[in-house]
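# An overview of the molecular structure
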Amino acid sequence: MQYTLPKLPYGYEALEPYIDAKTMEIHYTKHHQTYVDKLNAAVEKYPDLQEMAVEDLLKNIKTLKVEEKDRAAIVNHGGGHANHSFFWQIMGPKKEIDDKLVDDINSTFGSTEEFKKKFTDAATARFGSGWAWLVRDNDGKLQVYSTANQDSPLMQGHTPVIALDVWEHAYYLKYQNRRPEYIENWWKVLKLI
Ligand code: MN
């Protein structure tokens, strides 16, 4: 089985003006596609792994019976595939507020505004390329942190709830070096809260 690009749940222009159509098109058809292609290459010698969902590859990353260079490639490209597939799903042109999640956020962080501040800080402070996350940890509690490169919270048994791509390729065409402005506008296309 080959890993494939998931269908984008909206058009390239759907998140305008906050995320421009050109960025969406390149991000999805070039960057995400490349992660998919390189993941397929990384598991080429391992027919058993090819049958696993990408999320399961990442959850079991430490114990996969693979060469170390292939494990590193699965982290990078499997992570890239899983992270982007998740990222497309939580954005949209219309809010679809998850009331239960909002309640959980309010009781964990004090208020939605406090949560946004904490998440924004994590996204802004990530040096170089990476992601900001809201996850559920092993005890089901919400946590905010960032990861480097394409590292996925799934690798430490955490479940992604909200993700923000802060690689320059996610915003450079429209925002150049202005990551804080990208993050501020991104809240408008996050569906869930
Ligand atoms: Mn990206």
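Residues numbered from 1 in each chain as written. Predicted model: local features only at pLDDT ≥ 70, side-chain atom pairs only at ≥ 80, totals over all residues. Heavy atoms only, no water.

## Describing the domain arrangement of the protein
When the domains of the protein are assigned, the result is domain 1 (21-90) and domain 2 (99-186). Spacing between the C-alpha centres of domain 1 and domain 2 amounts to 20 Å. Counting each side, the surface lost to burial between domain 1 and domain 2 is near 1600 Å², with a carbon and sulfur contribution of 66%. If you sort the residues of domain 1 by the area they bury against domain 2, Asn83, Phe86 and Phe87 come out on top, with a joint share of 32%. Our enumeration of links across domain 1 and domain 2 arrives at zero salt bridges. Where domain 1 meets domain 2, there are seven residue pairs in polar contact (both at pLDDT 80 or more). (Domains from an automatic or database assignment. Buried area = accessible area lost by both parts, 1.4 Å probe. Salt bridge = Lys/Arg side-chain N within 4 Å of Asp/Glu carboxyl O. Polar contact = N/O pair within 3.5 Å; in protein donor to acceptor, adjacent residues only side chain to side chain.)

## Topic: the pattern of salt bridges
Side chains that differ in charge, positive against negative, can pair when their charged atoms come close. Per the stated rule, a full pass over the model turns up eleven salt bridges. Between Lys191 and Glu96 there is a salt bridge; the shortest N-O distance is 3.9 Å. Taken as a pair, Lys191 in the segment after helix H8 (179-186) and Glu96 in the loop between helix H4 (68-90) and helix H5 (99-109) lie far apart in primary sequence, 95 residues in all. Given a relative accessible area of 16%, Lys191 falls into the buried group. Of the charged contacts in the structure, one is a salt bridge between Glu181 and Arg178, with a shortest N-O distance of 2.7 Å. On the accessibility criterion, Glu181 (34% relative accessible area) is partly exposed. Judged by relative accessible area, which is 33%, Arg178 ranks as partly exposed. A single network of salt bridges, built from pairs that share partners, joins Lys45, Glu67, Lys69 and Asp70. (Helix = DSSP H or I, 4+ residues; strand = E, 2+ residues; numbered from the N terminus. Buried < 20%, exposed > 50% of the residue type's maximum accessible area, 1.4 Å probe, protein only.)

## Focus on the packing of H5 against helix H6 (residues 112-125)
As a packed pair, H5 and H6 sit with axes 8 Å apart at the nearest point and diverge in direction by 80 degrees. By the criterion of interaxial angle, the relationship of H5 to H6 is roughly perpendicular. Residue-level contacts link Val102, Ile105, Asn106 and Phe109 of H5 to Thr112, Glu114, Phe115 and Lys118 of H6. Its residues placed into classes, the contact of H5 with H6 shows four nonpolar, two polar and two charged. (Axes fitted to C-alpha atoms, helices over the stretch in contact; angles between N-to-C directions. Parallel < 35°, antiparallel > 145°, perpendicular 65-115°, else oblique. Contact = heavy atoms within 4.5 Å. Nonpolar A, V, L, I, M, F, W, Y, C, P; charged D, E, K, R; others polar.)

## Some remarks on the coordination of the manganese ion
Tetrahedral coordination by four donors places them ideally at 109.5 degrees to one another around the metal; octahedral coordination by six donors ideally gives 90 or 180 degrees. Taken together, the protein ligands of the manganese ion are His27 (NE2), His84 (NE2), Asp165 (OD) and His169 (NE2), with distances of 1.9 to 2.1 Å. Between consecutive donor residues of the manganese ion, the sequence gaps follow H-x56-H-x80-D-x3-H. Residue His27 is located in helix H1 (residues 21-42), and its partner Asp165 is located in strand S3 (residues 159-165); the two are separated by 138 residues in the primary sequence. Looking at His27, the relative accessible area reads 2%, which means it is buried. Classification of Asp165 as buried rests on a relative accessible area of 0%. (Donors = N, O, S within 2.8 Å, 3.2 Å for Na, K, Ca; no water.)

## Concerning the packing of aromatic side chains
Taken as a whole and judged by the stated rule, the model has 13 aromatic pairs. Measuring from centroid to centroid gives 5.7 Å for Phe87 and Trp88, while their planes differ by 40 degrees, and the two rings are tilted. Take Phe87: its relative accessible area is 2%, and that puts it in the buried class. Residue Trp88 is classed as buried on the basis of its relative accessible area of 1%. Arranged with centres 4.9 Å apart and planes meeting at 25 degrees, the rings of Tyr171 and Tyr182 form a pair that is stacked. (Phe/Tyr/Trp six-rings, centres within 6.5 Å; stacked < 30°, edge-to-face > 60°.)

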